[in-house]
Amino acid sequence: MLTGALPPPITWVGGVDGHLALLDQTRLPHARDILVLRSLAGAVDAIRRLAVRGAPAIGVAAAYAVILGVRERAPQSPAAFAAALTEVARALIAARPTAINLAWAVHAVTARGREEPSLEALLAAARALQADDAERCLAMGDAGRDLVEDGCTVLTHCNAGRLATAGDGTALAVLYAAQRAGRRFRVLADETRPLLQGARLTALELAAAGIPVEVVVDGAAAGLIRAGQVQLILTGADRIAANGDVANKVGTYGLALAAHASQVPMWVVAPTSTFDLSIASGDDIPIEHRDPQEVLSFAGIATSVAGVGARNPAFDITPHTLLRGLVTDRGRVSPVTQETIKAVVDQSRS
C-alpha cells in the first residue's frame, strides 16, 4: 500500500487547449492513477463513478469540465457559445443530483462565459473557483479548530478532507488546523460502507499527515459514542437546506441520533456554497440512489446470493435539531436556525 504525500485530486494542465487531470480515487489506497480527461463525456463518467468525489471537489472538477464540453463543440458565434454552455451545464448537473456544489460551480462558470464568450474566460473562472475553495477550506479549519480539545477522540464519517476539496477539506480541515495549533487528539474513521471512503481515503489522508487514526465499522460507532469513547463528531455535507437540515453520506443520520442521545457534540463542516436556501428543509433534497451491486459485492466478489436485491441510497438527511452547530467559511453557526443560516449566507454573498 502506498504512503506519503498525496497528489492533488484536481489539476488543470496547460491553457485552453489543455486537459483535466484527476486522481482516480476509486484506486486508492493501493494505486495513485491519474486520469487525463479531454472530453465532457470522460469528465461526467469520472464524476458519476466517484473517481472524483466530495461536494467541493466535484464542483471544481465540473467547473473545468465546462471548458472541455464547450471546446469540443467549437461554437463559432456568441449565440452558439451560449447554447453550448446550456447543453454542457445540463449534462454536468445531471451527473450527481444531491451535491449542490456541482450545480453552484457550473452556474458560476457558465455565467462568466455568457458575459465573455471565450474559453479563456471559462478557464479564468474555473481557476478562480478552485483558489476560492482552497481559501474557504482554511477558513473553515480556523473557525472550527477550537472544537478539538487536547486529548479528545474525534469520530468522522466518509471523507471530507484534501481528497474531497481543492484545499484542506471541510471536516478534516478542522483537524489539520487543530494539529497546526499543537492539539493532540485521535480520530476514529467510520469505514463508510459500501465504498469505504473512510477506510480507504480518510485513514490514508490522516496517516499521511501524521494524525493518529483508527478505522471502525459503521455499525460500531453508536456503541462507541454511548460508551464515552467519542468526544466530538465532525462530518461534511453535500447540501444544507434553508432550515439547516443536512444531506450527507448515508449513515450520518444514525450518528446524529446516537450523538444526540449521549449528548456528544456533532458539528457539520461545509462552505457557504453548500447551502441551498431555495430548499426549505431536508425533505425536499433529492437523494441519489446508486447501483445495487455496490452493496451486493465487494472488490468484484459477490457477497450475497444471486437473485437478492439491495437498496443503495448514497445519502441521508440529518435534521438540524440533532446538531450542535455548523462550521462554515464565515464562522460557526449555533444554534442552527433558518435565521442564523440566512445571516451567514448573506454575509458570504455581500
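Calculation notes
- Residues numbered from 1 in each chain as written.
- Predicted model: local features only at pLDDT ≥ 70, side-chain atom pairs only at ≥ 80, totals over all residues.
- Heavy atoms only, no water.
- Helix = DSSP H or I, 4+ residues; strand = E, 2+ residues; numbered from the N terminus.
- Rg over C-alpha atoms; globule rule 2.2 N^0.38 Å.
- Buried < 20%, exposed > 50% of the residue type's maximum accessible area, 1.4 Å probe, protein only.
- Contact = heavy atoms within 4.5 Å.
- Areas by Shrake-Rupley, 256 points an atom, 1.4 Å probe, with all protein chains shown as cover.
- Lys, Arg positive; Asp, Glu negative; His and termini not counted.
- Charge placed at Lys NZ, Arg CZ, Asp CG, Glu CD.
- Pairing = 2+ DSSP bridges.
- Axes fitted to C-alpha atoms, helices over the stretch in contact; angles between N-to-C directions.
- Salt bridge = Lys/Arg side-chain N within 4 Å of Asp/Glu carboxyl O.
- Parallel < 35°, antiparallel > 145°, perpendicular 65-115°, else oblique.
- Left-handed = near helix turned anticlockwise from the far one by under 90°.
- Expected span 1.5 Å × (residues − 1).
- Core = buried A, V, L, I, M, F, W, Y, C linked by side-chain atoms within 4.5 Å.

Visitor: I keep staring at the overall build of the protein chain and nothing clicks. Help me out?
Guide: Across its full length, the protein chain holds eleven helices and 16 strands. In terms of overall size, the protein chain behaves like a compact globule, its C-alpha atoms giving a radius of gyration of 20 Å where 350 residues would be expected to give roughly 20 Å. Overall size of the protein chain, expressed as C-alpha extent along the three principal axes, is 65 × 50 × 40 Å. Out of the 350 residues belonging to the protein chain, those deemed buried represent 55%. Residue pairs at least 24 apart in sequence account for 75% of intrachain contacts in the protein chain once pairs closer than 6 positions are excluded. Accessible surface, the protein chain as shown: approximately 14200 Å² in total, 53% of it carbon and sulfur. Counting 32 positive and 34 negative side-chain charges, the protein chain places the centres of these two groups 2 Å from one another.

Visitor: Can you walk me through the pairing of strand β10 (residues 266–269) in this structure?
Guide: Sheet faces and side chains relate simply in a regular strand, where the side chains alternate between the two faces. Burial along β10 is two-sided: the face carrying Met 266 and Val 268 and the face carrying Trp 267 and Val 269 are both buried. Across three bridges, strand β7 (residues 232–235) lies against β10 in parallel orientation. Bridging across to β10, Thr 235 finds its partner in Val 268. Bridging between β10 and strand β15 (residues 325–328) involves three bridges; their strand directions are parallel. Residue pairing for β15: Val 269 is matched across the bridge by Val 327.

Visitor: Is there a simple way to explain the sheet that holds strand β8 (residues 239–241) in this structure?
Guide: Two orientations exist for strands paired in a sheet by backbone hydrogen bonds: parallel and antiparallel. The four strands lie next to each other as β11-β8-β9-β14, forming an open sheet whose pairing is mixed. Every other strand in the sheet has two partners, leaving β11 (275–276) and β14 (315–318) as the edge strands with one partner each. The pairing of strand β9 (residues 246–249) with β14 spans four bridges and is classified as antiparallel. Counterpart to Asn 248 in the pairing with β14 is Asp 316. Across the face of the sheet, helix α9 (residues 252–262) comes into contact with β9 and β14 while running at roughly 30° to β14.

Visitor: Explain the pattern of salt bridges here, please?
Guide: Note on pairing: side chains with opposite charge can pair once their charged atoms come close. Applying the stated criterion across every chain yields a total of 19 salt bridges. For Arg 27, the salt bridge is made with Asp 33, and the minimal N-O distance between the two is 2.8 Å. By relative accessible area, Arg 27 is classed as partly exposed at 41%. Overall, Asp 33 belongs to the partly exposed group, its relative accessible area being 32%. Here Asp 168 ties to Arg 162 by a salt bridge, and the two come within 2.9 Å at their closest N and O atoms. Residue class for Arg 162 comes out partly exposed when judged on its relative accessible area of 33%. In this structure, a network of salt bridges that share partners links the residues Arg 96, Glu 288, Arg 290 and Glu 294.

Visitor: Quick question: what am I supposed to make of the packing of helix α1 (residues 40–48) against helix α3 (residues 78–93) here?
Guide: What describes two packed helices is the angle between their axes and the distance between those same axes. At their nearest, the axes of α1 and α3 sit 10 Å apart, and the two run at 20° to each other. Judged on the interaxial angle alone, α3 and α1 are roughly parallel. In this structure, the crossing between α1 and α3 has a hand that is right-handed. In this structure, α1 uses Leu 40, Val 44 and Ile 47 to contact α3, whose residues at the interface are Val 88, Ala 91 and Leu 92.

Visitor: What exactly am I supposed to notice about helix α7 (residues 197–208) here?
Guide: Within an α-helix, residues lying three or four positions from one another point in the same direction, as the helix has 3.6 residues per turn. The end-to-end C-alpha distance of α7 is 16 Å, a good match for the 16 Å that twelve residues give at a rise of 1.5 Å each. Of all twelve residues in α7, nine are buried; the element is thus mostly enclosed. Along α7, the residues classified as buried are Gln 197, Gly 198, Arg 200, Leu 201, Thr 202, Ala 203, Leu 204, Glu 205 and Leu 206. On its buried side, α7 packs onto β4 (153–156), α6 (171–180), β5 (186–190), β6 (213–216) and β9.

Visitor: What's the story with the nonpolar core in this structure? I'm lost.
Guide: One recurring pattern in soluble globular proteins is that nonpolar side chains are buried together. In this structure, Ile 10, Leu 22, Tyr 64, Val 66, Val 70, Leu 92 and Leu 122 are the most contacted members of the largest nonpolar core, which totals 42 residues. Among the secondary structure elements, those contributing two or more residues to this core are β1 (10–13), β2 (19–23), β3 (34–37), α1, α2 (55–73), α3, α4 (100–115) and α5 (119–144). In this structure, Val 66 is in contact with Leu 85, Val 88, Leu 92, Val 106, Val 109, Thr 110 and Leu 122, ignoring residues within four places of it in sequence.

Visitor: I tried to follow unusual backbone geometry on my own but got confused; where do I start?
Guide: Leave glycine aside and you will find that most residues have negative phi; peptide bonds, for their part, are mostly trans. Cis geometry is adopted by the peptide bond preceding Pro 194, which originates at Arg 193 and carries an omega value of 5°. Here Pro 194 is to be found in the loop between β5 and α7. Between Ser 334 and the following residue, Pro 335, the backbone shows a cis peptide bond with an omega angle of 0°. The phi dihedral of Cys 158 falls on the positive side, at around 60°, and the residue is not glycine. Of note, Cys 158 is situated in the loop between β4 and α6.

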